[in-house]
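Structural characterization, general
Residues per chain are reported as follows:
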Amino acid sequence: MQDVAPQDYRDAMARLGAAVSIVTTDGGAGRAGFTASAICSVTDDPPTLLVCINRGSSAYAGVTRNKVVCVNVLSARHEPLSRLFGGKVPAEERFAAAAWSTLETGAPVLADCAAAFDCRIADIVNVGTHDVLFCRVVAVQKSGCTDNLIYFGRAYHTVGVTDPAEPGCSF
Ligand SMILES: NC(=O)C1=CN([C@@H]2O[C@H](COP(=O)(O)OP(=O)(O)OC[C@H]3O[C@@H](n4cnc5c(N)ncnc54)[C@H](O)[C@@H]3O)[C@@H](O)[C@H]2O)C=CC1
Ligand SMILES: Cc1cc2nc3c(=O)[nH]c(=O)nc-3n(C[C@H](O)[C@H](O)[C@H](O)COP(=O)(O)O)c2cc1C
């Protein structure tokens, strides 16, 4: 099997638009978090999503030892927070820039994010440079904000929808 070059792969992947989340953890191995776009829904029974984390990430030890994560889906106004959690900034400086609470697992929940999925890590599969985390969702939080942050073409964008069933954005 012949692989394409990593740069060709990245150039093609840059054409996939993706929601942006901050994945957090807390517990005996400490608090950590990183910006992530490699997240998707696996099954609703049992409610499971997957997160791909680079083993070189500063958050890797905390995430895999604590075995809990919260996937905080970002709204448009969180672009500066996304950049902060995107690398090279000490963990405490990242968390100081926003308000956090907790749900079931103790992983930090971003107060005003579009949606938060609080999870226990059920399985981990190693693939190349990354670990794929299969995460069982034990609690969720939703806001009425519908202007989500999207990463596409190596840049941030906003996409908004109006859902008459939602109460609207109160922030
Ligand atoms: N899945 C990941 O680990 C991602 C990591 N990043 C990080 O942010 C940096 C800047 O990204 P871009 O501005 O989008 O330019 P880029 O050219 O480095 O990446 C383009 C696209 O390729 C994919 N990608 C990039 N690095 C990857 C990696 N190590 N493993 C798997 N997929 C990867 C992502 O879909 C990304 O949007 C990257 O170099 C990487 O360090 C960004 C997006 C996803
Ligand atoms: C838009 C965006 C999406 C990213 N998606 C992921 C991802 O899905 N998985 C991942 O391991 N790193 C991802 N990263 C990179 C991490 O946020 C972070 O840069 C990396 O963990 C290294 O940072 P650190 O070791 O200084 O914490 C992404 C970065 C950006 C800006």
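Residues numbered from 1 in each chain as written. Chains lettered and ligands numbered in written order. Predicted model: local features only at pLDDT ≥ 70, side-chain atom pairs only at ≥ 80, totals over all residues. Heavy atoms only, no water.

**Re the packing of aromatic side chains**
Cut-off, in case you're wondering: To pair, rings of Phe, Tyr and Trp, with the six-membered ring standing in for Trp, must have centres within 6.5 Å; the planes then decide the type, stacked if under 30 degrees apart, edge-to-face if over 60, and tilted in the middle. Helix and strand labels come from DSSP, where a helix needs a run of H or I of at least four residues and a strand needs a run of E of at least two; each type is numbered from the N terminus. Each ring is checked for a lysine NZ or an arginine CZ that lies within 6 Å of its centre and within 35 degrees of its normal; such an atom marks a charge sitting over the ring.
Taken as a whole, this structure holds 4 aromatic pairs when the rule is applied. Ring geometry for Phe85 versus Trp100: centroids 5.8 Å apart, planes at 55°, classification tilted. With Phe85 in the loop between helix H3 (79–84) and helix H4 (91–96) and Trp100 in strand S7 (residues 100–101), the pair connects residues that are 15 residues apart, well separated along the chain. One aromatic cluster is present, formed by Phe85, Phe95 and Trp100 through successive ring pairs. Cation over ring: Arg31 sits above Phe95, and NZ or CZ is 4.3 Å from the ring centre.

**Observations concerning the site of ligand 2**
Worth spelling out the cut-off: The nearness test applies per residue and asks whether one of its heavy atoms lies within 4 Å of the molecule or strand. Under this definition, polar contacts are N or O atom pairs within 3.5 Å; protein pairs additionally need one hydrogen-donor-capable and one acceptor-capable atom, and for neighbouring residues in sequence, both atoms have to be side-chain atoms. Per-residue and other accessible areas were derived by the Shrake-Rupley procedure at a 1.4 Å probe size, with only the shown protein chains allowed to occlude residues. Gly is placed with the polar residues, together with every amino acid not listed as nonpolar (Ala, Val, Leu, Ile, Met, Phe, Trp, Tyr, Cys and Pro) or charged (Asp, Glu, Lys and Arg).
Neighbouring residues of ligand 2: 18 residues in total, closest Thr35, Asn54, Ser58, Gly86 and Lys88. Contact between ligand 2 and Asn54: an oxygen atom at 2.7 Å from a main-chain N or O atom of the residue. Taking Lys88, its main chain carries an N or O atom lying 2.6 Å from an oxygen atom of ligand 2. Considered on its own, ligand 2 offers 630 Å² of accessible surface; in the complex 77% of this is hidden by protein. Among the elements of the structure, strand S3 (32–36) and strand S5 (47–54) are those that each provide at least two residues to the shell around ligand 2. Tallied by class, the residues present in the shell around ligand 2 amount to 8 nonpolar, 8 polar and 2 charged.

**Comments concerning the site of ligand 1**
If you check the shell around ligand 1, you find Arg10, Met13, Ser37, Ala38, His130, Tyr151 and Arg154 and nothing else. Take Arg10: an N or O atom from its side chain is 2.7 Å from an oxygen atom of ligand 1. Contacts to ligand 1 include Tyr151, whose side-chain N or O atom sits 2.7 Å from an oxygen atom. Here ligand 1 has 640 Å² of accessible area as a free molecule, and 60% of this is covered by the chains. When the residues that make up the shell around ligand 1 are grouped by side-chain class, the tally is 3 nonpolar, 2 polar and 2 charged.

**A look at the sheet that holds strand S11 (residues 147–152)**
Note the cut-off: Strands pair, by our definition, only if DSSP identifies at least two bridges between them.
In spatial order, the strands read S1-S11-S12; together these 3 strands make up an open sheet with antiparallel pairing. Both outer strands of the open sheet, strand S1 (18–19) and strand S12 (155–160), are each paired with one neighbouring strand and no more. Note that S11 and S12 share 6 bridges and pair antiparallel. For Asn148, the partnering residue across the bridge sits in S12 and is Val159.

**As for the confidence of the model for the protein**
Keep in mind that low pLDDT regions are not for reading the predicted coordinates in detail. Here is the rule we go by: pLDDT expresses how confident the predictor is about each individual residue, on a scale running from 0 to 100.
Across the protein, the average pLDDT comes to 94, with 94% of residues at 70 or higher. Reported confidence for the predicted complex is 0.97 by ipTM and 0.96 by pTM.

**Brief notes about the pattern of salt bridges**
Side-chain pairing between opposite charges can occur once the charged atoms of the two side chains come close. Stated precisely, the cut-off is as follows: Definition used for salt bridges: Asp or Glu carboxyl oxygen within 4 Å of a side-chain nitrogen of Lys or Arg. The buried label applies to any residue whose accessible area, calculated with a 1.4 Å probe on protein chains only, is under 20% of its type's maximum; exposed applies above 50%, and partly exposed to all values in between.
In the structure shown here, the tally under the stated rule is 5 salt bridges. Asp11 serves as the salt-bridge partner of Arg154, at 2.7 Å between the closest nitrogen and oxygen. With Arg154 in the loop between S11 and S12 and Asp11 in helix H1 (residues 6–13), the pair connects residues that are 143 residues apart, well separated along the chain. With its nearest N and O atoms 2.8 Å apart, the salt bridge here joins Glu92 to Arg31. Here Glu92, found in helix H4, pairs with Arg31, found in the loop between strand S2 (21–25) and S3; they are 61 residues apart in sequence, far enough to count as distant. A relative accessible area of 31% means that Arg31 is categorised as partly exposed.

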